[in-house]
Amino acid sequence: MSTPANVDVGDDTRETLGALALGDPDLLAAGLEVRADWKARSHLDDRSYALVKLAALIALDAPPASYVWQVGNAIAEGATAEDILGVLIAVAPQVGGPRIVSAAPEIMVALGLTLPDGM
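Summarised in this report is the structure supplied together with it.

The rules behind the values
- Counting restarts for each chain: residues are numbered from 1 in the order of the written sequence.
- Given that this is a predicted model, residues contribute local features only at a pLDDT of at least 70 and side-chain atom pairs are listed and counted only at 80 or more, while totals for whole chains, interfaces and linings are drawn from all residues.
- Hydrogens are left out, water is left out, and the side-chain values use all remaining heavy atoms of the structure.
- Between the rings of Phe, Tyr and Trp (Trp by its six-membered ring), a pair exists once the centres lie within 6.5 Å; its type follows the angle of the planes, with under 30 degrees stacked, over 60 edge-to-face, and the other angles tilted.
- In this scheme, Lys NZ or Arg CZ marks a charge over a ring once it lies within 6 Å of the ring centre and within 35 degrees of the ring normal.
- Secondary structure is summarised from DSSP: a helix means a run of H or I of at least four residues, a strand means a run of E of at least two, and numbering begins at the N terminus for each.
- Each helix should span, by expectation, one fewer than its residue count multiplied by 1.5 Å.
- Here the nonpolar core consists of buried residues drawn from Ala, Val, Leu, Ile, Met, Phe, Trp, Tyr and Cys, with membership extended through side-chain atoms lying within 4.5 Å.
- Under the scheme applied here, a residue whose accessible area is under 20% of the maximum for its type counts as buried, over 50% as exposed, and between as partly exposed, the area being computed with a 1.4 Å probe on protein chains only.
- The contact criterion used is simple: two residues touch if any of their non-hydrogen atoms lie within 4.5 Å.
- Any pair of nitrogen or oxygen atoms within 3.5 Å is treated as a polar contact; in protein, a donor-acceptor pairing is required on top of that, and neighbouring residues in sequence qualify only through side-chain atoms on both sides.
- Salt bridges are defined by distance alone: a side-chain nitrogen of Lys or Arg within 4 Å of a carboxyl oxygen of Asp or Glu.

## Structural notes on the packing of aromatic side chains
Following the criterion strictly, the structure yields zero aromatic pairs and no others. The ring centre of Trp38 lies 4.8 Å from the NZ or CZ of Arg41, which sits over that ring.

Below, the structure is given as structure tokens:
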């Protein structure tokens, strides 16, 4: 294990990192405003935008909470469980089996499904 770097961190950076770690609502709201602007600039409909973001999470091997959030967003925008499965299948050749196997149970949990026995 490596030791933490001894880096000179400015007060603004320290405060912003601390606020992010604590989930500061004002800072997070500012991020949501930026996301809304990017969504508008994408020219995708809301459902497609939500599904593309889910594909990105799969490719990144995102943490479980990200799936709960994004699957919920996709469903709220009119996507179905079948659409979500379609995204998983569509990205499989690009991201590989390990990412698909990692994402599938997270998507199942986000959809409120019971995981298969042996998991």
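## Remarks on helix α2 (residues 25–42)
Between its first and last C-alpha atoms α2 spans 25 Å; for 18 residues at 1.5 Å apiece the expected length is 26 Å, and the two agree. The first or second residue beyond α2 is His43, which carries a positive phi of 65 degrees.

## Focus on the nonpolar core
In this structure, Ile58, Tyr67, Ile84 and Ile107 are the most contacted members of the largest nonpolar core, which totals 18 residues. Counting only elements with at least two residues in this core, the list comes to α3 (46–60), α4 (64–76), α5 (81–95) and α6 (97–110). Among the elements that line this core, the one with the most residues is α3, at six residues.

## Examining α3
Counting along an α-helix, one turn takes 3.6 residues, and residues three or four places apart therefore face a common direction. Here α3 is 15 residues long and its end C-alpha atoms lie 21 Å apart, about the 21 Å a rise of 1.5 Å per residue gives. If you follow the buried residues of α3, they end up packed against α2, α4, α5 and α6. Backbone nitrogen of Arg47 and a side-chain oxygen of the N-cap are separated by 3.1 Å at the start of α3; the cap is Asp45. The first or second residue beyond α3 is Asp61, which carries a positive phi of 55 degrees.

## Focus on unusual backbone geometry
The phi dihedral of His43 is positive, around 65 degrees, even though this residue is not glycine. As for its placement among the helices and strands, His43 is situated in the loop between α2 and α3. Positioned with a positive phi, Asp61 is a non-glycine residue whose angle comes to about 55 degrees. Looking at the secondary structure, you find Asp61 in the loop between α3 and α4.

## Comments concerning the pattern of salt bridges
Enumeration over the complete set of coordinates arrives at four salt bridges. A salt bridge links Lys39 to Glu77; the nearest nitrogen and oxygen atoms lie 4.0 Å apart. Taken together, the residues Lys39 in helix α2 and Glu77 in the loop between α4 and α5 connect sequence positions 38 residues apart. For Lys39, a relative accessible area of 24% translates into the label partly exposed. Judged by its relative accessible area of 34%, Glu77 is partly exposed. Here the salt bridges do not stand alone but share partners, grouping Lys39, Asp46 and Glu77 into one network.

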